[in-house]
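Coordinates in review
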Amino acid sequence: MTVREILTLQFGHYSNFIGTHWWNIQECNFSYDPDNPTEINHDVLYREGESPKREVTYTPRLLTVDLNGTLGYLNERGDLYDSAQQTGEPFPLWESENIDVTKESAPVKPPFIQSLDQSSKNTEPSPFNLEQDVNVWTDFLVPRFHPRTINIIKGYKHECSVQPFDIFNYGQNIWKTTQFNEDFSDRIRAYVEECDLMQGFHVIMDSTNGFGGLGTSCIEHLRDEYGKSILAFPVIDSRNAEPSASDLVKVINIALSWQHTGEYASLFSPLCAGDKGWLQAGNPRHFNNLNYDLNLKYHSSALLATALDTLTLRYRQKEYPLSSLSDLCADLNKMGRKAAATSLTLPFPMTAKRDFIDVLDDFEGSMWTSITPSCEISTDRHMRSLALRGIPEERLKRPLHDARRQMAKPAYRCSTVHEMMSLYLAYTSHASATHLTTIKAGLKIKVPYPAIFNNNVHGNGDIAAWPVGETVKSVPVMAGLHSGDCISGMFESLHTQASRVKTIKRFHAFQDSGLEEDEFKQCLHHLLDSKEAYEDHYI
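Here is a short report on the structure shown in this document.

Cut-offs and rules
Residues numbered from 1 in each chain as written. Predicted model: local features only at pLDDT ≥ 70, side-chain atom pairs only at ≥ 80, totals over all residues. Heavy atoms only, no water. Helix = DSSP H or I, 4+ residues; strand = E, 2+ residues; numbered from the N terminus. Rg over C-alpha atoms; globule rule 2.2 N^0.38 Å. Buried < 20%, exposed > 50% of the residue type's maximum accessible area, 1.4 Å probe, protein only. Contact = heavy atoms within 4.5 Å. Areas by Shrake-Rupley, 256 points an atom, 1.4 Å probe, with all protein chains shown as cover. Lys, Arg positive; Asp, Glu negative; His and termini not counted. Charge placed at Lys NZ, Arg CZ, Asp CG, Glu CD. Phe/Tyr/Trp six-rings, centres within 6.5 Å; stacked < 30°, edge-to-face > 60°. Disulfide = S-S within 2.5 Å. Core = buried A, V, L, I, M, F, W, Y, C linked by side-chain atoms within 4.5 Å. Salt bridge = Lys/Arg side-chain N within 4 Å of Asp/Glu carboxyl O. Pairing = 2+ DSSP bridges.

**Side note on the overall build of the protein chain**
- Summing up its helical and strand segments, the protein chain has 14 helices and 15 strands in all.
- Computed over C-alpha atoms, the radius of gyration of the protein chain comes to 24 Å, within 12% of the 24 Å expected from 2.2 N^0.38 for 539 residues, which places it in the range of a compact globule.
- Dimensions of the protein chain along its principal axes, counting C-alpha atoms only, are 90 × 60 × 45 Å.
- Split into buried and exposed, the 539 residues of the protein chain put 56% on the buried side.
- Taking the contacts inside the protein chain whose residues are at least 6 apart along the sequence as the reference set, 80% of them involve residues at least 24 apart.
- As displayed, the protein chain has an accessible area near 24,900 Å², and 48% of this comes from carbon and sulfur atoms.
- Considering the protein chain, the positive charge centre built from 51 side chains and the negative charge centre built from 69 side chains are found 5 Å apart.

**Let's talk about helix 4 (residues 168–176)**
- Looking at helix 4, one finds that the buried residues are Phe-168, Asn-169, Gly-171, Gln-172, Ile-174 and Trp-175.
- The inward-facing, buried residues of helix 4 contact strand 5 (150–157), helix 5 (178–194), helix 6 (210–226), helix 7 (246–264) and helix 13 (508–512).

**What to know about the environment of Pro-349**
- Tracing the backbone through its elements, the reader meets Pro-349 in the loop between strand 9 (341–345) and helix 10 (356–362).
- Separated by 112 residues in the primary sequence, Pro-349 and Gly-461 place their C-alpha atoms 8.3 Å from one another.
- Non-local contacts of Pro-349, meaning those with residues more than four positions away in its chain, are made with Val-359, Phe-363 and Ile-463.

**Considerations on the packing of aromatic side chains**
- Under the defined criterion, the tally for this structure stands at 25 aromatic pairs.
- Each ring, one from Trp-175 and one from Phe-180, has its centre 6.1 Å from the other, and the planes form 65 degrees; the classification is edge-to-face.
- Exposure remark for Trp-175: the relative accessible area of 8% places this residue in the buried category.
- Owing to a relative accessible area of 13%, Phe-180 belongs among the buried residues under this scheme.
- Between Phe-287 and Tyr-292 the ring centres are 6.4 Å apart and the planes differ by 65 degrees, which places this aromatic pair in the edge-to-face class.
- An aromatic cluster is present here, built from Trp-22, Trp-23, Phe-30, Tyr-32, Tyr-46 and Tyr-58 joined pairwise through their rings.

**Focus: the state of the cysteines**
- Inspection of the entire model under this criterion finds zero disulfides.
- Its sulfur unpaired, Cys-329 is 16 Å from the next cysteine sulfur, which belongs to Cys-218.
- Judged by its relative accessible area of 2%, Cys-329 is buried.

**Section: the nonpolar core**
- Core analysis: the largest hydrophobic core is formed by 88 residues, its most contacted members being Leu-9 and Phe-356.
- Ranked by residues supplied to this core, first place goes to helix 7 with nine residues.
- Ignoring any residue separated from it by four or fewer positions in sequence, one finds Phe-356 in contact with Phe-348, Met-350, Leu-388, Ile-391, Arg-395, Leu-396, Val-417, Met-420 and Met-421.
- Of all hydrophobic cores here, the second largest spans 65 residues; its members include Ile-18, Leu-271, Leu-308 and Leu-332.

**Side note on unusual backbone geometry**
- The omega torsion of the bond from Leu-346 to Pro-347 falls at -15 degrees, within 30 degrees of zero and hence cis.
- Here Pro-347 is to be found in the loop between strand 9 and helix 10.
- Across the junction of Val-447 and Pro-448, the peptide omega takes the value 20 degrees, indicating a cis bond.
- Inspection of the secondary structure assignment puts Pro-448 in the loop between strand 13 (443–444) and strand 14 (474–475).
- At Lys-353, a position not held by glycine, the phi torsion is positive, near 65 degrees.

**Structural notes on the environment of His-526**
- Along the chain, the position of His-526 falls in helix 14 (residues 517–533).
- For His-526, a relative accessible area of 24% gives the class partly exposed.
- Along the sequence, His-526 and Trp-258 sit 268 residues apart, while their C-alpha atoms lie 9.3 Å from each other.

**A closer look at the pattern of salt bridges**
- Tallied over the entire structure, the rule returns 20 salt bridges.
- Across the pair Arg-54 and Glu-50 runs a salt bridge whose closest N-O atoms are separated by 3.2 Å.
- Assessed through its relative accessible area of 65%, Arg-54 is described here as exposed.
- Note on Glu-50: relative accessible area 40%, which makes it partly exposed.
- Between Lys-409 and Asp-358 there is a salt bridge, and its shortest N-O distance comes to 2.7 Å. Residue Lys-409 is located in the loop between strand 11 (382–389) and helix 11 (417–428), and its partner Asp-358 is located in helix 10; the two are separated by 51 residues in the primary sequence.
- Here the salt bridges do not stand alone but share partners, grouping Arg-47, Arg-148 and Glu-194 into one network.

**Looking at the pairing of strand 3 (residues 56–60)**
- Here strand 2 (residues 46–50) runs beside strand 3; their pairing, made up of five bridges, is antiparallel. Bridge assignment links Glu-50 to a residue of strand 3, and that residue is Val-56.
- Here strand 2 folds back onto strand 3 in antiparallel fashion, the turn holding five residues, of which Arg-54 has a positive phi close to 65 degrees.

**Looking at the environment of Glu-319**
- Assignment of secondary structure puts Glu-319 in the loop between helix 8 (297–311) and helix 9 (325–332).
- You can call Glu-319 exposed: its relative accessible area is 59%.
- Along the chain, Glu-319 and Glu-39 lie 280 residues apart, while their C-alpha atoms are 7.2 Å from each other.

Given below as structure tokens:
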């Protein structure tokens, strides 16, 4: 089978929370049953290797970047390849009586990680309290990484108030250092050279701090060095804090991140579980059958990761191996429109004991929820790429002898979920161009995915009108990328907030790190140009 590989890069602590959920979701959805093979080609994002013990490994094709103090119990090189090499004591260079050794106590593994280390055959979920146990993203990380995956910026410490990594230009300056640039570029090249038919890159990056500058500098390098498609997701941590002067610093960072990402990436979509994004995250995005804590990274990042895993199915499914990341980008970045909004429907509202045809016929309101800040996705006049998973074909409609009222509906002539959903979208939004991807398997839900589903959700994801109290094991999901006039309001909102900064001289850290006044003004003009590019009269 033809495999067109993608390399994923994650810059920043919140991005690594999202990435951890995403890789966990993928591993949870692996299928080891030869009679029920997976519909997803996992080789697109994973690589096969061999450990020093000659054991076959299957690890994410991934590079992550974070600050000191974010790995917890995990070694920077991981433990998958080093275990065979860590045998015996090192040869002493000095006499033992002349050596004074001070050992730092090893971080304690959280209960969930300890459970992964145990070779127990019990598959029943344990009552972990992950809401309290998770402090950093490694606390709920299931997959094991290749030694080159994790990259730590040594000069900055996580959540350090003395020397915070909170300025866009700090990241740019890190990229310019020979030590980081050469090492990180070599790691990218090593992954790329392993690929047979590489198609591009996923980049997830924090956009409110220095990782925005580091991520966009890397995106520029990827475009110049490899010329492949780049799909970027600038993310905003959805935690709300007390209003402060640092809120405007975040707005400046976001504006600069979006400007540079739009210049170098093939397509980008900002993500935030809050409805505003700036100056504060705002209210949590509403999902009818979910109950989550916006201020918990562990919760909000799971929503964003679910959307990423679903919308990327378009070029990760086995049935259409020639579908590519470049096709997605080409469909949505027409006329230089580089930004898109991301939507999520979790779970897709399949009512218990009802068929897909009836659910669609009775549906009212918007079918999706935006997870792009300050952007409400309309139902029409869009270029969009949607992916729907988890609707069984046997739930499509009643058989002919039991069809009754369904026979009078035009959709009854449809014979597949893909055909019926396409018909529904054509009827409800006739002025939109839609690429639809469907797969039969739903999203499997296992620990450490957070328990955010309401008690009216059945184990298979069906929605009931009363509490059922079942453990959710699988849910249908829909997610997508949308390019339309709703993006204009997003850029206008960001420009309004960024324009409150009359001069960059008020923020000495930006000036001291190399940002010129003219560069900031150019950034504001870019936001206005982007706003106008999405207005109706430009269509």
